[in-house]
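Chain residues, written in single-letter form:
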Amino acid sequence: MKITRDLYIQKLVDRKNNGMIKVVTGLRRCGKSYLLFELFVDYLLEQGIQEDHIIAVSLDDRKNIRLRDPDELYQYVYSKITDKDMYYILLDEIQFVNEFEDVLNGFLHIKNADTYVTGSNAKFLSKDIVTEFRGRGDQVHLYPLSFSEFMSAYDGTVENGLRDYMVFGGMPYLFNCKTNAQKREYLTSLFSATYLVDVIERNHINNTAVLDDLLNIIASDIGSLTNPNKLVNTFKSEKKVGVAANTIKEYLEALEEAFVIDKAFRYDVKGKKYIETPLKYYFADIGLRNARIGFRQDEETHIMENVIFNELKIRGYSVDIGNVVISEPNKNGNYVRKNTEVDFVCNDGNNRIYIQSALNVSSTEKLAQESRSLKAIDDSFGKIIVVKDNIIPWRTEEGILVLGIRNFLLNQSMSF
């Protein structure tokens, strides 16, 4: 079984020989080692790089324990460079090496060496890892599998694959699980024994019960507007517990730093400014979200929204929640201002797309409801409604593209 991850291979290729340390970050178990040691090595060999010019070291392997000493590692790598041709240094789980920052910065002085590393300790599971390399680090962030990557290894129909993906998500190891029970057990254990422990240890969290409850609240209410103060009220009303807003804020930031969750700010589309609060949180993998709440909630609207958000992030978009103010007559005929929402405002440089997620637009009333905010935006950027069913894409009279989530997830190069 070979999982295709062409998007990330291209990112590594684009950074080849750029004089910087390529740092592959992401959730534990999302496939960093596989990307670097199998897919990228295959690419280098296909490009004619000699095998002895690829210096690959798995530092979590017991046989390489000697190389965890920084001086031993440096000397080992240096001894492998015997001519003036380009060498590729691939180091997996670099956190096993003390003073690894100095070692890696030292490799930058080798003119015919290009360095790539992965890591899984607290530093590498935070967004500020590249600062460790004094401006010479170039981060490639790896997400769990997109649906198209998932289908590259899935043995079954697209329909069944999408159903499984919506429940279990895109963690690569799931392909080794033979039953749904094994998948549930793996994801549940991964969340509690790995991600939660990482967050607690990195941030020295003592009140783990509050962190547990916070995760459950967010997981149960993905795609809903919230902020620390609203969550404080939720703790008071539902958990009968008093928690400071600053504590909630710190815990949310800790989960973000570990790539477990991501946030989307509200953006006033017409006023062209950000609205600081409230905002929305989504899980980096829908399977992990489902595991967090014991696979007990299967609200299709929330799951679709989270999957679409992750797909947009994978494609490189900056994603916000759109707030659109419209003016409509009330029952007395007086015009009143109302706030409406666009699920996602997606920016990539000068390119922008507006996306609405909906289960269906099967009736005139439902279509009017879902397109209401989109029609109120008077710019020329693409506008899309993504629905659950596998439909033939079509456009409304206003030019809004309506397509199924299956088409949206599989056609990354589709013109909108």
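Residues numbered from 1 in each chain as written. Predicted model: local features only at pLDDT ≥ 70, side-chain atom pairs only at ≥ 80, totals over all residues. Heavy atoms only, no water.

Let us now look at the packing of aromatic side chains. Under the criterion given, the structure shown has 17 aromatic pairs. Centroid distance Y173 to Y186: 4.8 Å. Interplanar angle 40 degrees. Geometry classified as tilted. Linking Y173 in the loop between α6 (158-168) and α7 (180-203) with Y186 in helix α7, this pair joins segments that are 13 residues apart in sequence. For Y186, a relative accessible area of 16% gives the class buried. Members of the aromatic cluster, joined through ring pairs, are F147, F150, Y154, Y165 and F175. Stacked on the ring of Y116, the Lys or Arg K22 has its end atom at 4.9 Å from the ring centre. The lysine or arginine in question, R315, covers the ring of F408, its NZ or CZ lying 4.7 Å from the ring centre. (Phe/Tyr/Trp six-rings, centres within 6.5 Å; stacked < 30°, edge-to-face > 60°. Helix = DSSP H or I, 4+ residues; strand = E, 2+ residues; numbered from the N terminus. Buried < 20%, exposed > 50% of the residue type's maximum accessible area, 1.4 Å probe, protein only. Lys NZ or Arg CZ within 6 Å of the ring centre and 35° of its normal.)

To continue, consider helix α2 (residues 32-46). Owing to its 3.6 residues per turn, the α-helix brings residues three or four apart onto one side. Here α2 is 15 residues long and its end C-alpha atoms lie 20 Å apart, about the 21 Å a rise of 1.5 Å per residue gives. Where α2 bends most, at F40, the angle is about 30 degrees. Taken together, the buried positions of α2 are occupied by K32, L35, L36, L39, F40, V41, Y43 and L44. For α2, the secondary structure elements touched by its buried residues are α1 (6-14), β1 (21-26), β2 (54-58), β3 (87-92), β4 (113-118) and β5 (137-142). Where α2 terminates, the next one or two residues include G48, which has phi positive at roughly 90 degrees. (Expected span 1.5 Å × (residues − 1). Bend = angle between axes of the 7 residues up to and from the residue. Contact = heavy atoms within 4.5 Å.)

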